[in-house]
Amino acid sequence: MNTSESNAVFHGRKVVSVADYLSDAILNGRFVPGQRLIEAELTNNLGVSRGPVREAFRRLSAEGLIEIVPNRGAVVRRLSLVEALELFEIRIELEALGARLAAENMKDPRIKKAFETAIAPIWNLGPRHSTAEYLQENQSFHSAIMEAAGNGQLIKLNQQMHLSLIMSQISSSLTSHVIAASLHEHRMIASAIRSRDMRGADAATRDHLRRAQDFMRAMPADLFRRGE
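The structure contained in this document is the topic of the report that follows. Not measured: the values here are computed from a predicted model. (Residues numbered from 1 in each chain as written. Predicted model: local features only at pLDDT ≥ 70, side-chain atom pairs only at ≥ 80, totals over all residues. Heavy atoms only, no water.)

### A closer look at the overall build of the chain
The condition is simple: A run of H or I in DSSP counts as a helix once it spans at least four residues, and a run of E counts as a strand once it spans at least two, with each numbered from the N terminus. As a reference, a globule follows 2.2 Å times the number of residues to the power 0.38, and the radius of gyration itself is taken over C-alpha atoms. Exposure categories follow from relative accessible area, calculated using a 1.4 Å probe and restricted to protein chains: below 20% of the type maximum is buried, above 50% is exposed, and the middle band is partly exposed. By definition, residues are in contact when any of their heavy atoms lie within 4.5 Å. Shrake-Rupley sampling with a 1.4 Å probe provides the accessible areas, and residues are treated as covered by the protein chains on show and by no other component. Within this scheme the basic residues Lys and Arg register as positive and the acidic residues Asp and Glu register as negative, but His and the chain ends are omitted. Just so you know, the charge point we use is NZ for Lys, CZ for Arg, CG for Asp and CD for Glu.
Counting its secondary structure elements, the chain contains 10 helices and three strands. Overall, the chain shows an N-to-C arrangement of helices and strands of α-β-α-α-β-β-α-α-α-α-α-α-α. For 228 residues, the compact-globule estimate of 2.2 N^0.38 gives 17 Å, and the chain sits close to it at 19 Å. With the principal axes as the frame, the chain shows a C-alpha extent of 55 × 50 × 30 Å. Residues counted as buried form 44% of the 228 residues belonging to the chain. Restricting the contact set of the chain to residue pairs at least 6 apart, pairs at least 24 apart contribute 77%. For the chain, the accessible area works out to roughly 12,200 Å², and carbon and sulfur atoms hold 52% of it. Averaging the positions of the 29 positive and the 26 negative side-chain charges in the chain gives two centres separated by 3 Å.

Set out below in structure tokens:
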């Protein structure tokens, strides 16, 4: 490998590293919808030049996590209510399929063990002490279902629905009562999957996500981007 090729590989690794950092920060609520991502701060905090940061911005823009706004630069994507509801309509069908496949795959002891390990926190009946704690648990639970489903293309499609981005956007309205209801529904979904009840897993997943849709419809308008 010559010097030019080595530099290209090194640059590529930096871009992936920056993109992964930003993606994780957005999906876990450290950067919130509508927040401007300041290039100079990121280069300083991450110890990289502007090139990898700008390339990471382009990648995340293509993935729908950020938007490049004229005169503002990179901004964490803020969905309109219509966009959020439309994404949930698609998400319901994808996750219902994932739940059915996961339930079917519980016949494999290795998959069942991995699933039960991944969702273990949901059986903790105590209150979640922070919204961030719940958001992380919520993301891990839904991801565990898709992993247990064992369909790589389904996982990719589901990631494009950006449930974590939506949840981050409405996080200020997630009361302890709402979180407790969501966790109860997670346990119902998990119980059906573990029992290999494909119909029950499908129904519980649909009920859970439709309730989330209804919850979003009742949100204050200022949580969402104006217009469609």
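### A closer look at the side chain of Gln169
Relative to the helices and strands, Gln169 is located in helix H8 (residues 163-169). By relative accessible area, Gln169 is classed as buried at 7%. Beyond its immediate sequence surroundings of up to four residues, Gln169 is in contact with Pro33, Arg77, Arg78, Leu79, Leu223, Phe224 and Arg225.

Keep in mind these values describe shape, not function.
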